[in-house]
Every structure is written in structure tokens, then in C-alpha cells.
Amino acid sequence: MSENNAVSTPLPPLNVLLAAPRGFCAGVDRAIQIVEVALKKFGAPVYVRHEIVHNRFVVESLEAKGAVFVKELDEVPDDRPVVFSAHGVPKAIPAEAQRRNMIYVDATCPLVSKVHREAEHHHEAGRTVLLIGHAGHPEVVGTIGQLPEGTVKLVETVEDVATLQVADPDNLAFATQTTLSVDDTGAIVDALRERFPAISGPKREDICYATTNRQGAVKAIAPKADALLVLGAPNSSNSVRLVEVARAHGCTRAMLVQRAAQIDWSRLEKIRILGITAGASAPEVLVDEVLAALRERFTVTVEEVVTATENVVFKLPRVLAAE
């Protein structure tokens, strides 16, 4: 048989269960728009304190357009605008920007700002605020920084609840980081209510709709999938939680990858059903990239698993309004 007539080996079949909702949430979409509109309005460079969202692809795309990312405000010249990240910042940061007469744009997600306002109201009412979250995460740093030093206590686990020392057990309130595991947070809240029956909580759930919805989609897919890929960054809390949720709901081969190039293909050998989702700060182009890489290795069929629909849109800050 000639080489031209050789029969090519068929690619193995792969059924992809594509989570919906996935990827960008309204807060992330707004934050990226804020940097892009600021660049158009003020010209480059526009400085951004910390990663606008936790995704290197997004950050590098904005850098290519003229954004300059810095760790602290003292790295920003007085005469250039600065954007604060979607995760929120301590009150001291905008206060310092005002003192320096800087143009600044706060890209804090409105759902994070809601948590900030709740914490302030509880503090004004004389309650000690217990914040459920992960130490060192920018959102937690920002929320704690809304109140005077020492007035917020961080709770990371159910075990922390048992060892909490509070001055007035009958005068407490709790708030939560918006990107936590719904199930894990529920267990911590239950432990707090059991130990402190008089504790006040948010009128509405602090964990944002996008986190809840993306975890819900993963819960629907995980029991059916041989493996599951989460597109997202290792410093993205909501993306890391998606991996944990997948493993907790029956998919032990759940993996976090930032790009298609990072996929460990040896871990996907002999699988027939693959789940795919993306964290709230991962753009859809990265999902498309992974699907293209899969099609080079498998005969792919894609089934979108829709567990919720989202139509939330947040307005841009007034300082960016068209003149």
C-alpha cells in the first residue's frame, strides 16, 4: 500500500461537558472595561494597583494596551491615573490618593463593596465583625482595611470557631469573602451560629452569584466526568474553589490550568468524558484554546451543561463617563 493510501489512525472519542455559567462575571468584566476606558480617556500609561483580576492572560493583554501594574501606590506618579483592583482596597489607599490629588478609579466589584458596607454598619452598631475568608487574599485585606485595626477577626475554618476569643459574645456579626466555597462557608456559618446564637449575618448571602453559579455547574458535571479542567490562575480564589468542589463531588482528577499549554496530557489518557469550566476571571478565549488543543488529540463532541443563566451588568464609575 502506498504512503498516500495509508489509513490514518482514528482519534479516540471524547465527550466534553462544558459548564455554563463559566468564565467572566459582571464584576470582572466591569474591572477590565474600567482599565480599557481609562486608557482611552486619559491615554497611556494608566497605572493599576495589583492585578486588576487574577489572570495573567488578562493582565498581559492590558499591559500591551498601556496599563502598568504596580504593587503599591508609591510606585505611581502623581500626574497619572491609577485604578484599584476588583478585589477592593483598604480605606487608607484612596485616602492617600486623595491626599496626593491623584486621579483614581475604584474598580472594586460592587458585590465586594456591599460586604464593605455591611462590615461598616456592624462596626457602627458596636458589633465585633467576624470575617470568613482566607488570610492574605486581597479581598480579605481590603475588607479588614475598611475598619479600625483590630476590630475584625478572621475565621478561616470550622476549627477556628471553637478557639475564637471575643469580648462580647452577644454582640457579633459575620461577613464572608465573596469567592469562597458555598459548602465550606455554610459549615463555618453553622458553627458560628451554634456557638454564638445571637450573631448577626448579612441580609443576603455574601458569596457572590457568580461564585455560587459556577460551583453549581461544576457540581452537576463532576459526578459524570472522568476528569475536569478548571481554566484559571493559582492565585484566583474562585478558580481554586472550583477544583475543590469538583473533587468533593466525585471527580478526583480535577485540575487547575492557566492555558492549554499547561495541560498534563498523560493525566487525560483513556478518559472518555471531560468536564471543562473557567473561573470568574478567565476569558472565554482560553476555553476555546483548550477545545482546539483537545481536537488535535481526540474526536471531540461538546455538550454544554447549563445550570443557571446570568444577565447581571454593573455600571462604570462616574469618573469614566463620557464628557
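Everything that follows concerns the structure shown earlier in this document.
Parameters and conventions
- Residues numbered from 1 in each chain as written.
- Predicted model: local features only at pLDDT ≥ 70, side-chain atom pairs only at ≥ 80, totals over all residues.
- Heavy atoms only, no water.
- Helix = DSSP H or I, 4+ residues; strand = E, 2+ residues; numbered from the N terminus.
- Buried < 20%, exposed > 50% of the residue type's maximum accessible area, 1.4 Å probe, protein only.
- Pairing = 2+ DSSP bridges.
- Expected span 1.5 Å × (residues − 1).
- Axes fitted to C-alpha atoms, helices over the stretch in contact; angles between N-to-C directions.
- Parallel < 35°, antiparallel > 145°, perpendicular 65-115°, else oblique.
- Contact = heavy atoms within 4.5 Å.
- Nonpolar A, V, L, I, M, F, W, Y, C, P; charged D, E, K, R; others polar.
- Phe/Tyr/Trp six-rings, centres within 6.5 Å; stacked < 30°, edge-to-face > 60°.
- Lys NZ or Arg CZ within 6 Å of the ring centre and 35° of its normal.
- Core = buried A, V, L, I, M, F, W, Y, C linked by side-chain atoms within 4.5 Å.
- Salt bridge = Lys/Arg side-chain N within 4 Å of Asp/Glu carboxyl O.

Engineer: Which residues make up unusual backbone geometry, and what values go with them?
Structural biologist: A cis amide bond links Ala20 with the next residue in sequence, Pro21, at an omega value of 10°. Looking at the secondary structure, you find Pro21 in the loop between β1 (13–20) and α1 (26–42). Note that the residue after Ala44, namely Pro45, is joined by a cis bond; omega there is 0°. Note that Pro45 resides in the loop between α1 and β2 (46–49). Here Asn101, not a glycine, exhibits a phi torsion of approximately 55°, which is positive. Note on placement: Asn101 falls in the loop between α3 (92–99) and β5 (104–106). One non-glycine residue, Lys270, lies in positive phi territory at about 65°. Along the polypeptide, Lys270 turns up in the loop between β10 (254–257) and β11 (273–278).

Engineer: Describe the pairing of strand β8 (residues 172–176), with residues and values.
Structural biologist: Regular strands place side chains that alternate from one sheet face to the opposite one. Most of β8 sits inside the fold, with five of its five residues counted as buried. Every second residue of β8 is oriented toward a common face, with Leu172, Phe174 and Thr176 on one face and Ala173 and Ala175 on the other, all of them buried. As defined by bridge partners, strand β6 (residues 128–132) adjoins β8 across five bridges and the pair is classed as parallel. Residue pairing across strands places Thr128 opposite Leu172, the latter belonging to β8.

Engineer: So what's going on with the environment of Leu286? Which residues, and what values?
Structural biologist: Note on placement: Leu286 falls in helix α10 (residues 284–295). A C-alpha to C-alpha distance of 15 Å links Leu286 and Ser236, two positions 50 residues apart in sequence.

Engineer: Talk me through the side chain of Thr176; I want residue IDs and the actual numbers.
Structural biologist: Inspection of the secondary structure assignment puts Thr176 in strand β8. A residue is classified by how much of its surface remains accessible, and Thr176, at 1% relative accessible area, is buried.

Engineer: Account for α1, with residues named and values stated.
Structural biologist: Here α1 is 17 residues long and its end C-alpha atoms lie 24 Å apart, about the 24 Å a rise of 1.5 Å per residue gives. Taken as a whole, α1 has its buried residues at Ala26, Gly27, Val28, Arg30, Ala31, Ile32, Ile34, Val35, Ala38 and Leu39.

Engineer: So, the packing of α1 against helix α2 (residues 56–65): which residues are in play, and what are the values?
Structural biologist: Where α1 meets α2, the axes come as close as 10 Å, and the angle between the chain directions of the two elements is 5°. By the angle between their axes, α1 is roughly parallel relative to α2. Listed contacts from α2 to Ile32, Val35, Glu36 and Leu39 of α1 are Val58, Leu62 and Lys65. Class assignment of the residues belonging to the contact of α1 with α2 gives a composition of five nonpolar, no polar and two charged.

Engineer: Please set out the packing of aromatic side chains residue by residue, giving values where relevant.
Structural biologist: Taken as a whole and judged by the stated rule, the model has one aromatic pair. Taking the ring centre of Trp265 as reference, the NZ or CZ of Arg297 above it sits at 3.9 Å.

Engineer: So, the sheet that holds strand β7 (residues 152–155): which residues are in play, and what are the values?
Structural biologist: With parallel pairing, three strands are arranged side by side in an open sheet as β7-β6-β8. Sheet topology places β7 and β8 at the edges, where each strand pairs with a single neighbour. For this sheet, the mean angle separating the axes of adjacent strands, direction not counted, is 30°.

Engineer: Explain the nonpolar core to me, using residue names and the numbers behind them.
Structural biologist: Among the nonpolar cores identified, the biggest contains 30 residues, and Val35, Val48, Ile52, Val53, Leu62, Phe69 and Val83 are the most heavily contacted of them. Residue assignment for this core shows that the elements contributing at least two residues are α1, β2, α2, β3 (67–70) and α4 (110–124). A total of eight residues in this core trace back to one element, the largest contributor, which is α1. If we ignore the near neighbours within four places in the chain, the residues touching Val48 are Val35, Ala67, Val68, Phe69, Val70 and Val83.

Engineer: Tell me about the pattern of salt bridges, residues and numbers included.
Structural biologist: Taken as a whole and judged by the stated rule, the model has 16 salt bridges. Two residues, Lys114 and Glu118, come together in a salt bridge whose shortest N-O distance is 3.0 Å. Pair noted here: Lys114 and Glu118 are both in helix α4, with a separation of four residues, about one helical turn. Judged by its relative accessible area of 15%, Glu118 falls in the buried class. What emerges from the salt-bridge pattern is a single network uniting Arg22, Glu284 and Glu304.

Engineer: An account of the sheet that holds strand β4 (residues 82–84) is requested, with residue identities and associated values reported.
Structural biologist: Spatially, the four strands line up as an open sheet ordered β3-β2-β4-β5, and their pairing is parallel. Only two strands of the sheet have a single partner each, and these edge strands are β3 and β5. Taken pair by pair, the neighbouring strands of this sheet meet at an average axis angle of 25°, ignoring direction. Sheet topology note: the β2/β3 ladder contains four bridges and is parallel. Considered in β3, the bridge of Val46 is made with Ala67.

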